[in-house]
Amino acid sequence: MYTVLLLASSLLVPNPYFQASSNTLAVRELCNEARRQLNEQNYSEARETASKALKIDAQSAEALTLLGQSEFALGNLTSAEHHLTEALRIDSTLTETHRALGATFLRQGQFNEAQRQFEAVLRSHPDDISSLYGLGFSLLSQDKPSQALKPLTQAYHMNPSDSEILTGVMQAYLKLGQLDQARSVLNQLNRRFANDYAQQMQLAEILVNEGAYILAIVQFQNLLKLSPDSYELNYDLALAYHRAGKEDEAAAQIHRMLSQQERAELENLLGEVEEKRNNYVQALAAYRKAVELQPKSEEYQLDYATELNQHWNPTEALRAFSAGVKTFPSSVTLWMGLGGTYYLLGKYSEASETLLHTSEMAPDNPNVYALLGLAYDAAGPLQKAIEQRFVDYVKAHPSDALGHYFYGKILLDQNQHKAGTSLDQAQQELSRAVELNPKLSQAHLDLAKLFQMRDDTTAVRTQLETVIKLNPESSDAYYRLIPVYRKLGEPEKAAIAAEKFRQLKDTKNESAPREQVKKLLSGPNQ
């Protein structure tokens, strides 16, 4: 993949737009010397020469720019930014300085600031190809492909032989989901790189990074013609098949590779593929084999234990997670799995204790707190400790909707038989949760319970009907709507709600705590 480093370096090529200063002849000569040294890539000498010029005239914007360019080339980005910014403070019209500062911001990952600098150049020099190029990549890096496409296309038309610019055009098309256009550009690039394996591999990496797995499959297939025995390419092809949802092709590719050599990562990938094919026996066997081949892999241990939890025996999963945390005592995900598995087995005290320990290890992990919130109801004497964790968590993470939800639910559960001011904080937390995430149906359901305690029937109805819109399978919401509609004098709606409740009461409730725990433990591969 073409790096920002390569891009930014190309942007430092001097151009004729620099505005000459009215400094002394000595300063002018030193600046010319520093520029020559930059062109010859003698960056340390250029820095020293520019520094000499500044000793004669500390207000020389040209010398400051050359010093900033030298620092940039030497990798001293903070110093480069300082000197270039100072040069622009003295003379804001310096085109070369804006461009160099834009390149510096690109290297620092400050893409919005880089965009501003390139736009400053283009206002006075709309055909500056380096700034068109820099602007396009700044916008791409901010995930603004529709805006990036125009300057990149303009730069390409000015210099059709520049493959880096054409690669940027392809990336813009990929981000826009315009695969036909991206494929056309990709074919053009591959023709240019017909005998350049490294460049074709970089294109494959871009396709994978952009999630264009269908195109990546073809790219890897073509690369395998050049290097058919490459393990990495064959593995990448299998992975691309898997991520493209072509699980049969992925399985066939992996089995071909396993027939030649047995590797843990192949077995683990096969487990993922068979999981997606709903072949749980084969998935479990593959995950187990991966652990046997590489017992010191935290990832493989986690995937194996998770598979046991999802489709087999939680008791065996408990053994696997217990073994995992002994081998990897600092693994948050394995401790989460252990705590969640205790919960699924009905060992609520152990679950709460384990998850409290996990929250100490990872005080900022939202999934840990989601599990802790689900464990609260059955936590017994540990409820107070869980409540305090949520007090601290929502203070540290005021934008976490689930954090506010669980804390609000805890406060509500404590006050089921109390009304008035004791419910105010619970309402505040639950309201904050739905403000942050209006689609959080369980928060709306608990707000309905709260309003019912306050005998606010209209508010109860509003919250329950919102739950139904968000989760039409919520039997609890329909059940609670029956008396609400009756109280409001709407017997027909009450009858409809009662019928819906009868239809749904025996179905699997995805919002039930056990199902939520399993979902949190499922991981990205399930």
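All figures in this text were calculated on a predicted structure; none of them were measured in a lab.

Reading the values: rules and limits
- Residues numbered from 1 in each chain as written.
- Predicted model: local features only at pLDDT ≥ 70, side-chain atom pairs only at ≥ 80, totals over all residues.
- Heavy atoms only, no water.
- Helix = DSSP H or I, 4+ residues; strand = E, 2+ residues; numbered from the N terminus.
- Rg over C-alpha atoms; globule rule 2.2 N^0.38 Å.
- Buried < 20%, exposed > 50% of the residue type's maximum accessible area, 1.4 Å probe, protein only.
- Contact = heavy atoms within 4.5 Å.
- Areas by Shrake-Rupley, 256 points an atom, 1.4 Å probe, with all protein chains shown as cover.
- Lys, Arg positive; Asp, Glu negative; His and termini not counted.
- Charge placed at Lys NZ, Arg CZ, Asp CG, Glu CD.
- pLDDT = per-residue confidence, 0-100.
- Axes fitted to C-alpha atoms, helices over the stretch in contact; angles between N-to-C directions.
- Parallel < 35°, antiparallel > 145°, perpendicular 65-115°, else oblique.
- Left-handed = near helix turned anticlockwise from the far one by under 90°.
- Nonpolar A, V, L, I, M, F, W, Y, C, P; charged D, E, K, R; others polar.
- Phe/Tyr/Trp six-rings, centres within 6.5 Å; stacked < 30°, edge-to-face > 60°.
- Salt bridge = Lys/Arg side-chain N within 4 Å of Asp/Glu carboxyl O.

This part covers the overall build of the chain. Looking only at helices and strands, the chain features 30 helices and zero strands. Computed over C-alpha atoms, the radius of gyration of the chain comes to 31 Å, more than 25% over the 24 Å expected from 2.2 N^0.38 for 526 residues, which places it beyond the range of a compact globule. Expressed along its principal axes, the backbone C-alpha trace of the chain runs to roughly 90 × 65 × 50 Å. Within the chain, buried positions represent 49% of all 526 residues. Taking the intrachain contacts of the chain between residues at least 6 apart in sequence as the baseline, contacts between residues at least 24 apart amount to 53%. Of the accessible surface of the chain, which amounts to about 24800 Å², a share of 49% is contributed by carbon and sulfur atoms. Side chains of the chain give 52 positive and 65 negative charges; the mean places of these two sets differ by 4 Å.

The next subject is the confidence of the model for the chain. Per-chain confidence: the chain averages 89 in pLDDT, with 93% of residues scoring 70 or above. Here residues 1–10 is a poorly scored stretch, pLDDT under 50, and it has 23 contacts once near neighbours within four places are set aside; other chains count. Low pLDDT, under 50, characterises residues 15–22; the predicted model gives this stretch 19 contacts beyond four residues in sequence or across chains.

All right, on to the side chain of Gln463 then. Within the secondary structure, Gln463 sits in helix α27 (residues 457–470). Since its relative accessible area comes to 13%, Gln463 is described here as buried. Setting aside chain neighbours within four positions, we find Gln463 in contact with His444, Leu447, Ala448 and Phe451.

Relative to each other, helix α26 (residues 441–453) and helix α28 (residues 475–487) sit at 25 degrees, their axes nearing to 11 Å. Compared by their axis directions, α26 and α28 come out roughly parallel. In this structure, the crossing between α26 and α28 has a hand that is left-handed. Residues Leu445, Lys449 and Gln452 of α26 form the contact with α28, whose participating residues are Asp476, Ala477 and Arg480. Taken together, the residues of the contact of α26 with α28 sort by class into two nonpolar, one polar and three charged.

Applying the stated criterion across every chain, the model contains eight aromatic pairs. Centroid distance Phe390 to Phe406: 6.1 Å. Interplanar angle 45 degrees. Geometry classified as tilted. Taken together, the residues span a long stretch of sequence, with Phe390 in helix α23 (residues 383–396) and Phe406 in helix α24 (residues 401–414) at a distance of 16 residues. Grouping residues by exposure puts Phe390 and Phe406 together as buried.

What follows is about the packing of helix α3 (residues 43–56) against helix α4 (residues 61–73). Two elements in contact, α3 and α4, have axes separated by 8 Å at closest approach and are oriented at 155 degrees. On the basis of the axis angle, α3 is roughly antiparallel to α4. Relative to α4, α3 is oriented so that their crossing is left-handed. Residues Tyr43, Ala46, Arg47, Ala50, Ser51, Ala53 and Leu54 of α3 form the contact with α4, whose own contacting residues are Ala63, Leu64, Leu66, Leu67, Ser70, Glu71 and Ala73. The residue makeup of the contact of α3 with α4, split by class, is 10 nonpolar, two polar and two charged.

Moving on to the pattern of salt bridges. A complete count under the given rule lists 26 salt bridges for this structure. Arg35 is the salt-bridge partner of Glu62, the closest N and O atoms lying 3.4 Å from each other. Here Glu62 is found in helix α4, whereas its partner Arg35 is found in helix α2 (residues 25–39), with 27 residues between them in sequence. Both residues of the pair, Glu62 and Arg35, belong to the buried class. One continuous salt-bridge network, built from bridges that share partners, spans Arg461, Glu465, Glu490 and Lys493.

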